[in-house]
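Here is how the chains run, residue by residue.
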Amino acid sequence: MNMKRRQFLLWASLSGLGTLAIAKVARSPVQANAPLPDGTNLLSQTPPHSPLLRFVSVGDTGTGAQGQYAVANVMHQYYQQNTYPLVVLAGDNIYNNGEIEKIEQVFERPYAPLLQRGVKFYACLGNHDIRTDNGDPQVAYAGFNMQGRRYYNFRQGDVEFFALDTNHNADWANQMIWIEKALKQSNAPWKVVFGHHQIYSSGHYGINQASWVKPLTHLFKTYGVQLYINGHDHHYERIRPVDGTTYMICGGGAGLRPIVNRIPQSAYAAEALSFAAYTVYPDQILIQGIGTDGKVFDQGIINRQA
């Protein structure tokens, strides 16, 4: 066994991959220190520390159908091997119209094994969620941990999370003031922003041209946001860093739509029912795309800049 292979297996052990298999990706097998499509290295070195935090993200989940259960089941399997305290729920939490009376069917039952173990889901509102009462019942629902607000932040150790309302009727005037102040005041080494709508995508919705995108991404660059997570497009995609921010689409939480136009910024995209898992170290975040077969089909690294 060569040194690169041994190094990869060592980090796999440290990351708690357990029996989750490593699958071949579409372009080439993932190997330690092998160049990724975005020109970075998968592993710059074996992490010297235990993880600071693990969390996962999933979006466009709220169907209560077979696809949602398949992803929820593998999220629980991953939890059994790699305990994590929280899930980023990236919107469209209740199909088709955000009816809160469906909450047991589309949230409480599918994720019961995780909820029973105290895992917290932190939600944002998707375009389907605001069709009923503008999403207010979801904002008030305790299981979504939204603090009664359409945009909010919370901190877990060295990671601070910032949830946004990216819908067409969002109060961007006040929300932009809030997010700039919150980012400026944050002293967290890692800053993660999430909202429902994409900024970059190879899927149906493509690159977002909404008026809020440019000022928001300017704030990402100014205040060192390393990661933006979203749903909306129903596939998995990891975007190579743009001005220091990695963009993640995790909209394959229950159903799929095709990838229609692979954009130059895309590092890896897959039409796969899946969720994304994140292992946070002091200087790196390991991102893994995990399918319903329990296999890791994509891996990438975010390096923290001083």
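Structure: above.
Fair warning: this is a prediction, and the values are worked out from it, not measured in the lab.

(A) Main features of the pattern of salt bridges. In total, this model carries seven salt bridges according to the counting rule given. Lysine 102 is the salt-bridge partner of glutamate 99, the closest N and O atoms lying 3.3 Å from each other. With relative accessibility at 14%, the residue glutamate 99 sits in the buried group. Lysine 102 sits in the partly exposed class, given a relative accessible area of 27%. Here arginine 304 makes a salt bridge to aspartate 283, at a shortest N to O gap of 3.6 Å. Taken together, the positions of arginine 304 in the segment after β13 (296-303) and aspartate 283 in the loop between β11 (274-280) and β12 (284-291) put the pair 21 residues apart, joining distant regions of the chain. Because the salt bridges share partners, they merge into one network encompassing Asp136, Arg150 and Asp165.

(B) Representation of the side chain of glutamate 237 in the model. With respect to the helices and strands, glutamate 237 occurs in strand β8 (residues 236-242). For glutamate 237, the side chain forms a polar contact with the side chain of histidine 235, separated by 2.8 Å. Separated by 2.7 Å, the side chains of glutamate 237 and serine 266 make a polar contact. The contacts of glutamate 237, once residues within four sequence positions are left out, are Ser201, Ser202, Gly203, Tyr247, Met248, Ile249, Ile263, Ser266, Tyr268 and Ala269.

(C) The pairing of strand β10 (residues 266-270), seen in detail. Burial analysis of β10 places five of its five residues in the buried class, which makes it a mostly covered element. Sheet analysis places β8 next to β10, joined by four bridges and oriented antiparallel. The residue of β10 that forms the bridge with isoleucine 239 is serine 266.

(D) Fine view of the sheet that holds strand β6 (residues 190-194). Taken in spatial order, the seven strands of this open sheet run β4-β5-β6-β7-β9-β8-β10, and their pairing is mixed. The sheet terminates laterally at β4 (152-156) and β10, the two strands that pair on one side only. Taking the axes of each pair of neighbouring strands and ignoring which way they run, one obtains an average angle of 15° across the sheet. Here five bridges tie strand β5 (residues 159-163) to β6, and the two strands are oriented parallel to one another. Among the inter-strand pairings, phenylalanine 162 is bridged to a residue of β6, identified as valine 193. Relative to the sheet, helix α6 (residues 172-185) contacts β4, β5 and β6, its axis offset from that of β5 by approximately 180°. Packed onto the sheet, helix α7 (residues 213-223) meets β6, β7 (227-230) and β9 (245-250) and runs at close to 130° relative to β9.

(E) Focus on the packing of aromatic side chains. One pass over the structure, following the stated rule, counts 24 aromatic pairs. When the centroid spacing of 4.5 Å and the interplanar angle of 10° are considered together, the rings of phenylalanine 55 and tyrosine 278 count as stacked. Remark: tyrosine 278 occurs in strand β11 and phenylalanine 55 occurs in strand β1 (residues 53-58); sequence separation between them is 223 residues. What makes phenylalanine 55 buried here is its relative accessible area of 0%.

(F) Quick peek at the sheet that holds strand β2 (residues 86-89). If you trace the six strands from one edge of the open sheet to the other, you get β3-β2-β1-β11-β12-β13, paired in mixed fashion. Whereas interior strands pair on both sides, the edge strands pair on one side only; in this sheet they are β3 (120-123) and β13. Averaged over all neighbouring strand pairs, the angle between strand axes comes to 20°, with direction disregarded. Sheet contacts for helix α2 (residues 66-81): β1, β2, β3, β11 and β12; angle to β11, the most-contacted strand, approximately 25°.

So, how was this worked out
One numbering rule holds for all chains: residues counted from 1, following each sequence as written. Residues qualify for local features only when their pLDDT is at least 70, as the model is predicted, and side-chain atom pairs are given and counted only at 80 or more; totals for whole chains, interfaces and linings, by contrast, use all residues. Note that water and hydrogens are dropped before the side-chain values are worked out from all heavy atoms of the structure. Salt bridges, as used here, are contacts in which a Lys or Arg side-chain nitrogen is within 4 Å of a carboxyl oxygen on Asp or Glu. The rule is simple: take the accessible area with a 1.4 Å probe, protein chains only, and divide by the maximum for that residue type; under 20% is buried, over 50% is exposed, in between is partly exposed. By definition, any uninterrupted DSSP run of H or I lasting at least four residues is a helix, any uninterrupted run of E lasting at least two residues is a strand, and each is numbered from the N terminus. A 3.5 Å cut-off defines polar contacts: any pair of N or O atoms within that distance qualifies, except that in protein one atom must be a possible hydrogen donor and the other a possible acceptor, and neighbouring residues in sequence count only when both atoms are side-chain atoms. Working rule for contacts: check all heavy atoms of both residues, and any pair within 4.5 Å makes them a contact. At least two bridges found by DSSP between two strands is the condition for calling them paired. Lines are fitted to the C-alpha atoms to define the axes, a helix being fitted only along its stretch in contact, and any angle between axes, read from their N-to-C directions, falls within 0 to 180 degrees. The aromatic pairing rule takes the rings of Phe, Tyr and Trp, using the six-membered ring of Trp, and pairs them if the centres are within 6.5 Å, calling planes under 30 degrees apart stacked, those over 60 edge-to-face and the rest tilted.

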